[in-house]
Amino acid sequence: MTGAPAGRPGSLVVRGLHYTYPDGQPALSGVDLAVAPGERVALLGRNGAGKTTLALHLNGILAPDRGTVTVGGLVADPADRAGLAELRRRVGIVFQDPDDQLFMPTVAEDVAFGPANLGLRGVALRERVDAALAAVGMAEHRDRAPHHLSFGQKRRVAVAGVLAMRPQLLVLDEPSSNLDPAARRELAGIVAGLPVTVLMVTHDLPYAYQLCPRSVIMDAGRIVADGRTGRLLADLELLARHRLELPFGFAPPPARAAGGVPSRAAGAGADHGSWA
Ligand SMILES: Nc1ncnc2c1ncn2[C@@H]1O[C@H](COP(=O)(O)OP(=O)(O)O)[C@@H](O)[C@H]1O
Ligand SMILES: [Mg+2]
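Below or above, wherever it landed, is the structure these notes cover. (Residues numbered from 1 in each chain as written. Chains lettered and ligands numbered in written order. Predicted model: local features only at pLDDT ≥ 70, side-chain atom pairs only at ≥ 80, totals over all residues.)

**Description of the sheet that holds strand 8 (residues 197-201)**
Reading across from one edge, 6-7-8-3-9-10 is the order of the 6 strands in this open sheet, with mixed pairing throughout. A single partner strand is all that each edge strand has here, and the edge strands are strand 6 (91-94) and strand 10 (222-228). Ignoring which end each strand starts from, the neighbouring axes of this sheet average 20° apart. Along the sheet, helix 5 (residues 151-163) makes contact with strand 6 and strand 7 (169-173), crossing strand 6 at roughly 170°. (Pairing = 2+ DSSP bridges. Helix = DSSP H or I, 4+ residues; strand = E, 2+ residues; numbered from the N terminus. Axes fitted to C-alpha atoms, helices over the stretch in contact; angles between N-to-C directions. Contact = placed C-beta atoms within 7 Å.)

Written out as structure tokens, the structure reads:
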């Protein structure tokens, strides 16, 4: 595991995290994870593994039964309202369904909502919104109604709304779901260009390989594997054990792949999908 000094901006340290939903359903059973500033890490795992529950702990939407979350040296503490507000500024979560995130009449107002809450006004606010919309290629749609946008455009606006908060850690929950291939590729370009730490929840294994040099696999509320993405995805037994599968036609990455570096080498011939 990468050493992540807990105090550096953009670092994430999760220790011994346990959480059971109020209805008695256990979801996290001792999660330990350290992410260094600037890393992009994929969080893989079958449905119900606990990925979204973990994500919801990272900015204090859920409070753990036991264990700690530390972001850039700030320990999440549900009893500390100021600390929680700062945590939410540091950690931006893009939810799986953009309709859960977009609620203002126009795209620009939606992206402005977070930074306006931080107290930004006037030119400073406008610049913040413009920069976030430009980063996701949505500047020309600023005056449109979010509910008139395509799904891929909505997801980009949701990303812009989070970027406008200038987070240290960006958490993306299933970012490629429901995107057509072009929108999926464009979002990859956006994410790859961001100067933040990224934790990407996904079961889109090629997307993890494309974007994240490192992956962790979660199952039954625990991290069960942690390593170079290429190495984990080449271990078909490991994947099968945790109910993860490469899409039809995709060969595993070459066994000695460093991971994260797109490769058109062995196994990506005419009958196979490409990892690039
Ligand atoms: N609001 C909820 N109330 C009760 N149980 C939940 C709730 N949300 C998720 N769960 C349960 O918690 C476990 C982890 O779910 P989740 O974190 O959503 O997994 P993943 O995102 O990996 O698919 C599952 O057993 C799921 O059924
Ligand atoms: Mg989920």
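**Looking at the sheet that holds strand 4 (residues 66-71)**
Neighbouring strands of a sheet are bound in pairs by backbone hydrogen bonds; such pairs are parallel or else antiparallel. Strand order across the open sheet formed by 4 strands is 2-1-4-5, with antiparallel pairing between neighbours. Each end of this open sheet is capped by a strand with a single partner; those strands are strand 2 (26-35) and strand 5 (74-75). Across 7 bridges, the pairing between strand 1 (residues 12-20) and strand 2 is antiparallel. Within strand 2, the residue paired with Leu17 across the bridge is Val31. On top of the sheet, helix 1 (residues 51-58) reaches strand 1, strand 2 and strand 4; it is set at about 60° to strand 2, its chief contact.

**A look at the nonpolar core**
One finds Leu43, Val111, Ala160, Val171, Met200 and Ala208 to be the most contacted residues of the largest nonpolar core, which totals 69 residues. Broken down by element, the residue count for this core peaks at 6 residues, all from helix 5. (Core = buried A, V, L, I, M, F, W, Y, C linked by C-beta atoms within 7 Å. Buried ≥ 20, exposed ≤ 12 C-beta atoms within 10 Å, placed from the backbone.)

**Looking at the site of ligand 1**
With respect to spatial proximity, the complete set of residues near ligand 1 consists of Tyr21, Asp23, Gln25, Ala27, Gly45, Asn47, Gly48, Ala49, Gly50, Lys51, Thr52 and Thr53. For the shell around ligand 1, the element with the most residues is helix 1, which contributes 3 residues. In the shell around ligand 1, the residues fall into 3 nonpolar, 7 polar and 2 charged. (Near = placed C-beta within 6 Å. Nonpolar A, V, L, I, M, F, W, Y, C, P; charged D, E, K, R; others polar.)

**Here's the deal with the packing of helix 3 (residues 107-117) against helix 4 (residues 122-135)**
When two helices pack together, their arrangement is given by the angle between the helix axes and by the axis-to-axis distance. Between helix 3 and helix 4, the least distance of the axes is 9 Å, while the angle of their chain directions is 125°. In this view, helix 3 runs oblique relative to helix 4, as classed from their interaxial angle. Handedness of the crossing formed by helix 3 with helix 4: right-handed. Within the contact between the two elements, helix 3 uses Ala108, Val111, Ala112, Pro115 and Ala116 and helix 4 uses Leu125, Arg128, Val129, Ala132 and Leu133. Grouping the constituent residues of the contact of helix 3 with helix 4 by class yields 9 nonpolar, no polar and 1 charged. (Parallel < 35°, antiparallel > 145°, perpendicular 65-115°, else oblique. Left-handed = near helix turned anticlockwise from the far one by under 90°.)

**Examining the environment of Ala34**
Tracing the sequence through the fold places Ala34 in strand 2. Separated by 22 residues in sequence, Ala34 and Leu12 place their C-alpha atoms 5.6 Å apart.

**Points about the environment of Ser176**
Its place among the elements puts Ser176 in the loop between strand 7 and helix 6 (181-192). For Ser176, a count of 24 C-beta atoms within 10 Å puts it in the buried group. On a C-alpha basis, the gap between Ser176 and Asp204 in space is 7.3 Å, while along the polypeptide they are 28 residues apart. Not counting the four nearest positions on each side in its chain, Ser176 is found in contact with Arg184, Leu187, Thr202, Asp204 and Tyr207.

**Looking at helix 1**
The buried count for helix 1 comes to 6 of 8 residues, which makes it a mostly enclosed element. Every buried residue of helix 1 is listed here: Lys51, Thr53, Leu54, Ala55, His57 and Leu58.

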